Amino acid sequence: MRILLTNDDGIEAEGLECLERIARTLSDDVWVCAPAVEQSGKGRGITLTEPLRVLNLGEKRFAVTGTPTDCVVLAVNDLMPEKPDLVLSGVNRGHNIGEDVSYSGTVAGALQGMAFGIRSIALSQSLERFHDEAVAHWETAEAFAPAIISRLLEQKWANGVVMNLNFPNRPPEAVDQVEVTTQGFRNVGEMHAVRRTDLRGRDYYWMGFRGEKQDPAEGTDLRAIEEGRISVTPLHIDLTHMTSVHDLKKVLGGAPPKSVATAA
């Protein structure tokens, strides 16, 4: 099995070292193509307005001056001799659950693998808080990921699906449950920008999260991680809301309307 690794924390991230150890329990044919610098929060961004540089850092190891999506595209199309059998993205420093998945570069790396028809998995290790001083329990992801991945690979996946694995902020001996979950949603007010002033007296803004206490629904990735369980969430990129499609077909379709509807 040929495995491609990527991430959004960058080529020098501890989480990528952890992912390499995980991957090598599954195969000896492991390739790495990761961003040269951190690309957290870039989602499925691709680089269109400037050239991409590829740094060859050794056998089967590359750094790219772009996003996780750029890395997977270049690796699959240009840097690898054959398409990989599996894409692993992570292990991210901090969880990617709830609405995080829509802007996560870690999940985006897996989604691009899926777009190439490759089974792809995103992996993230939760933190007590997102701060430079916070130490991640990489040993937790490393202890449980290989067996979970092997079980996932034994299953048949629907087209367009990626698996999103999140490991709780606990040491391995304190984790005894894994749960297949749905994507949860936090209070949108948790995201905010702090206004500051630079040395020239000009305002700037720094985006962040309030970290407010939530009460997530049972069965969601948010609840599982909060209660110390490993979360496995099948995600897909189809954002169509089918109920709304059916409702709208009752009022739109065929020749376009020519009169303005009266407001209710």
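These numbers were taken from a predicted model, which means no experiment stands behind them.

Definitions and limits used
- Residues numbered from 1 in each chain as written.
- Predicted model: local features only at pLDDT ≥ 70, side-chain atom pairs only at ≥ 80, totals over all residues.
- Heavy atoms only, no water.
- Helix = DSSP H or I, 4+ residues; strand = E, 2+ residues; numbered from the N terminus.
- Expected span 1.5 Å × (residues − 1).
- Bend = angle between axes of the 7 residues up to and from the residue.
- Buried < 20%, exposed > 50% of the residue type's maximum accessible area, 1.4 Å probe, protein only.
- Patch = residues over 30% accessible without salt bridge, like charges linked within 9 Å, V, L, I, M, F, W, Y side chains within 5 Å.
- Areas by Shrake-Rupley, 256 points an atom, 1.4 Å probe, with all protein chains shown as cover.
- Salt bridge = Lys/Arg side-chain N within 4 Å of Asp/Glu carboxyl O.
- Axes fitted to C-alpha atoms, helices over the stretch in contact; angles between N-to-C directions.
- Left-handed = near helix turned anticlockwise from the far one by under 90°.
- Contact = heavy atoms within 4.5 Å.
- Nonpolar A, V, L, I, M, F, W, Y, C, P; charged D, E, K, R; others polar.
- Core = buried A, V, L, I, M, F, W, Y, C linked by side-chain atoms within 4.5 Å.
- Phe/Tyr/Trp six-rings, centres within 6.5 Å; stacked < 30°, edge-to-face > 60°.
- Lys NZ or Arg CZ within 6 Å of the ring centre and 35° of its normal.

(A) Representation of helix 4 (residues 138-154) within the structure. The end-to-end C-alpha distance of helix 4 is 25 Å, a good match for the 24 Å that 17 residues give at a rise of 1.5 Å each. Maximal helix bending in helix 4 amounts to about 40 degrees, located at Ala145; proline Pro146 follows within four positions. Turning to helix 4, its buried residues number three or more, namely Trp138, Thr140, Ala141, Ala145, Pro146, Ile148, Ile149 and Leu152.

(B) Focus on a nonpolar patch on the surface. On the surface, Met191, Met207 and Phe209 cluster together into a nonpolar patch covering about 320 Å² of accessible area. Here Met207 is to be found in strand 10 (residues 203-209). Accessibility expressed as a relative area gives 56% for Met207, which makes it exposed.

(C) Broad picture of the packing of helix 1 (residues 14-24) against helix 4. As a packed pair, helix 1 and helix 4 sit with axes 9 Å apart at the nearest point and diverge in direction by 35 degrees. The chirality of how helix 1 crosses helix 4 is right-handed. Contacts from Glu14, Gly15, Cys18, Arg21 and Ile22 of helix 1 reach helix 4 at Trp138, Ala141, Glu142, Ala145, Pro146 and Ile149. Of the residues in the contact of helix 1 with helix 4, the class split is 7 nonpolar, 1 polar and 3 charged.

(D) Fine view of the nonpolar core. Membership of the largest hydrophobic core comes to 34 residues, with the highest contact counts inside it found for Leu5, Leu88, Ile121, Leu123, Ile149 and Leu165. If you list the elements that add at least two residues to this core, you get strand 1 (2-6), helix 1, strand 2 (29-35), strand 5 (86-93), strand 6 (119-125), helix 4, strand 7 (161-167) and strand 11 (230-236). With 6 residues, helix 4 is the largest single contributor of residues to this core. Not counting residues within four places of it along the chain, the set of residues in contact with Ile149 comprises Ile22, Leu26, Leu86, Leu88, Ile121, Leu123 and Leu165. Membership of the second largest hydrophobic core comes to 13 residues, among which are Trp31, Cys33, Val72 and Val87.

(E) Up close: the packing of aromatic side chains. Using the criterion set out here, one finds 0 aromatic pairs in the structure. Over the face of the ring belonging to Trp157 we find Arg119, whose NZ or CZ atom lies 5.1 Å from the ring centre.

Function cannot be read off these values alone, since they describe shape.
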